[in-house]
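Observations on the three-dimensional arrangement
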Amino acid sequence: MILSDAAARLIAERREAILVRAGAGHRSLVGECADRIVAHNVRMTGLGTRASKFCARGCARCCAMIFFASPAEVEVIAFHLLERPELLRVFLLNSLERERMILPHEGLYRRCQAATLCDDANLAAFYALDIRCAFNVEGACAIYPVRPLACSLYNSIVPADVCAVEPKAYETEEMRMHHGDARRWLAGHVRSFPVRDGQRLDVSRKVLVRLIDLVDSVT
Ligand code: SF4
Ligand code: SF4
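Scope of this entry: the structure provided in the associated data block. Remember, it's a predicted structure, so these values are computed and weren't measured experimentally.

**What to know about helix 11 (residues 203-217)**
Compared with the 21 Å implied by 1.5 Å per residue over 15 residues, the 21 Å span of helix 11 between its first and last C-alpha is a close match. By the criterion of burial, helix 11 is predominantly enclosed, with eleven of the 15 residues buried. Within helix 11 the residues assigned to the buried category are Val 203, Ser 204, Arg 205, Lys 206, Val 207, Leu 208, Val 209, Arg 210, Leu 211, Leu 214 and Val 215. The elements touched by buried residues of helix 11 are helix 1 (5-13), helix 2 (15-21), helix 4 (71-82), helix 5 (85-102) and helix 6 (106-113).

**Details of the pattern of salt bridges**
Tallied over the full model, the rule gives 16 salt bridges. One salt bridge connects Arg 176 with Glu 171, and the closest N-O pair in it is separated by 3.3 Å. Classification of Arg 176 as partly exposed rests on a relative accessible area of 41%. Note that Arg 176 and Glu 173 form a salt bridge whose closest N and O atoms lie 3.1 Å from each other. One end of the pair is Arg 176 and the other is Glu 173, both in helix 10 (residues 173-187) and three residues apart, which spans about a single turn. Since its relative accessible area comes to 58%, Glu 173 is described here as exposed. Bridged by salt links that share partners, the residues Glu 99, Glu 106, Arg 110 and Arg 205 form one connected network.

**Here's the deal with the packing of helix 4 against helix 11**
When two helices pack together, their arrangement is given by the angle between the helix axes and by the axis-to-axis distance. Where helix 4 meets helix 11, the axes come as close as 9 Å, and the angle between the chain directions of the two elements is 65°. Taken as axis vectors, helix 4 and helix 11 run roughly perpendicular relative to one another. As for how helix 4 packs across helix 11, the hand of that crossing is right-handed. Judged by residue contacts, Val 74, Glu 75, Ile 77, Ala 78, Phe 79, Leu 81 and Leu 82 of helix 4 engage Val 203, Lys 206, Val 207, Arg 210, Leu 211 and Leu 214 from helix 11. Here the contact of helix 4 with helix 11 is built from residues that sort into ten nonpolar, no polar and three charged.

**A few points about the site of ligand 1**
Around ligand 1, the surrounding shell consists of Phe 54, Cys 55, Cys 59, Arg 61, Cys 62, Tyr 154, Ser 156, Ala 160 and Cys 163. Across the shell around ligand 1, the residue classes break down as seven nonpolar, one polar and one charged.

**Side note on the state of the cysteines**
Per the counting criterion, the structure on display carries zero disulfides. Counting only cysteine sulfurs, Cys 151 is the nearest neighbor of Cys 33, a cysteine outside any disulfide, at a range of 17 Å.

**Some points on the nonpolar core**
Of all hydrophobic cores here, the largest spans 44 residues; its most connected members are Leu 81, Phe 91, Phe 135, Val 207 and Leu 211. When residues of this core are traced back to their parent elements, those giving at least two are helix 1, helix 2, helix 3 (24-46), helix 4, helix 5, helix 10 and helix 11. By residue number, the principal contributor to this core is helix 4, which donates eight residues. Setting aside chain neighbours within four positions, we find Phe 91 in contact with Leu 81, Ala 134, Phe 135, Ser 204, Val 207, Leu 208 and Leu 211. Within the second largest apolar cluster, seven residues are counted, among which are Ile 102, Leu 108, Tyr 109 and Cys 112.

**With respect to the environment of Glu 32**
As for its placement among the helices and strands, Glu 32 is situated in helix 3. For Glu 32, a relative accessible area of 40% puts it in the partly exposed group. Linking Glu 32 and Val 76, residues 44 residues apart in sequence, is a C-alpha distance of 9.3 Å.

Rules used throughout
Per-chain numbering applies: the sequence of each chain, read as written, is numbered from 1 onward. Think of it this way: whatever chain is written first is A, whatever ligand is written first is 1, and the rest follow in order. Totals for whole chains, interfaces and linings use every residue, but because this is a predicted model, local features are given only for residues with pLDDT of at least 70 and side-chain atom pairs only at 80 or more, for both listing and counting. Only heavy atoms go into the side-chain values, all of them from the structure, while hydrogens and water stay out. Elements are defined by DSSP. Helices are runs of H or I of four residues or more, strands are runs of E of two residues or more, and each kind is numbered from the N terminus. Expected span of a helix, by definition, is 1.5 Å for each gap between consecutive residues, and there is one gap fewer than residues. Three labels apply to residues, based on accessible area from a 1.4 Å probe with only protein chains included: buried if under 20% of the type maximum, exposed if over 50%, partly exposed otherwise in between. Any pair of residues with heavy atoms lying within 4.5 Å of one another is described as a contacting pair. Any Lys or Arg side-chain nitrogen found within 4 Å of a carboxyl oxygen on Asp or Glu counts as a salt bridge. Angles run from 0 to 180 degrees between N-to-C directions of axes, and those axes are lines fitted to C-alpha atoms, restricted for helices to the stretch in contact. An angle counts as roughly parallel when it lies under 35 degrees, as roughly antiparallel when it exceeds 145, as roughly perpendicular when it falls between 65 and 115, and as oblique in every other case. Note on convention: the crossing is left-handed when the near helix lies turned anticlockwise from the far helix by less than a right angle, right-handed when the turn is clockwise. When residue character is reported, Ala, Val, Leu, Ile, Met, Phe, Trp, Tyr, Cys and Pro are called nonpolar, Asp, Glu, Lys and Arg charged, and the others, Gly included, polar. One heavy atom suffices: a residue is near a molecule or strand as soon as one of its heavy atoms comes within 4 Å of it. Cysteine sulfur atoms that come within 2.5 Å of each other are treated as a disulfide pair. The nonpolar core is taken to be a set of buried Ala, Val, Leu, Ile, Met, Phe, Trp, Tyr and Cys residues, with the residues joined through side-chain atoms within 4.5 Å.

Okay, structure coming up:
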């Protein structure tokens, strides 16, 4: 997949129509999920040095990893963007650039998405390319309050220059507990949100695909 300028313009133009089309019931479910995700992320952020001494604003090398997101999280992020035109514009511009960067490595990227082909070697090779998530803006996450649970759980016990070579995940008991609660709650709602084919897709492409689907639904 590669996002064209025309597709980006179409998504931006149709945002009002998409918001109108989303029924009140759906919007309130998305809002409820958003509240849960925000509350979880506030808790995770509040752990501070109990989670990691090294993860800090501006350090975002790990945002070149492939972080997956559930359908409920994707829906929350999509509507978070649709309700914020400027953020949506930045995301679409970043996505255009990211898609261009992925294009020469599409085979590797696809192997990282397929459950049967994805292994540590493929993931490490993609990480080495340092192609950051389209939500990464000047070294910070532009959707921080509603970032996926996988991102909020990711922490390091080693400095960023070590992460750049070999990513490290570290979970305390407290992080696992918060994360488990939020995951369980979201899992119960997954069926209420659209699930697309067998591809896992990383968070920014998954949101992009969902936005394109939403545009299709109003055209
Ligand atoms: S996990 Fe590593 S790269 Fe990511 S914010 Fe923490 S120290 Fe930085
Ligand atoms: S959603 Fe935010 S935290 Fe997660 S990979 Fe993208 S920029 Fe990084």
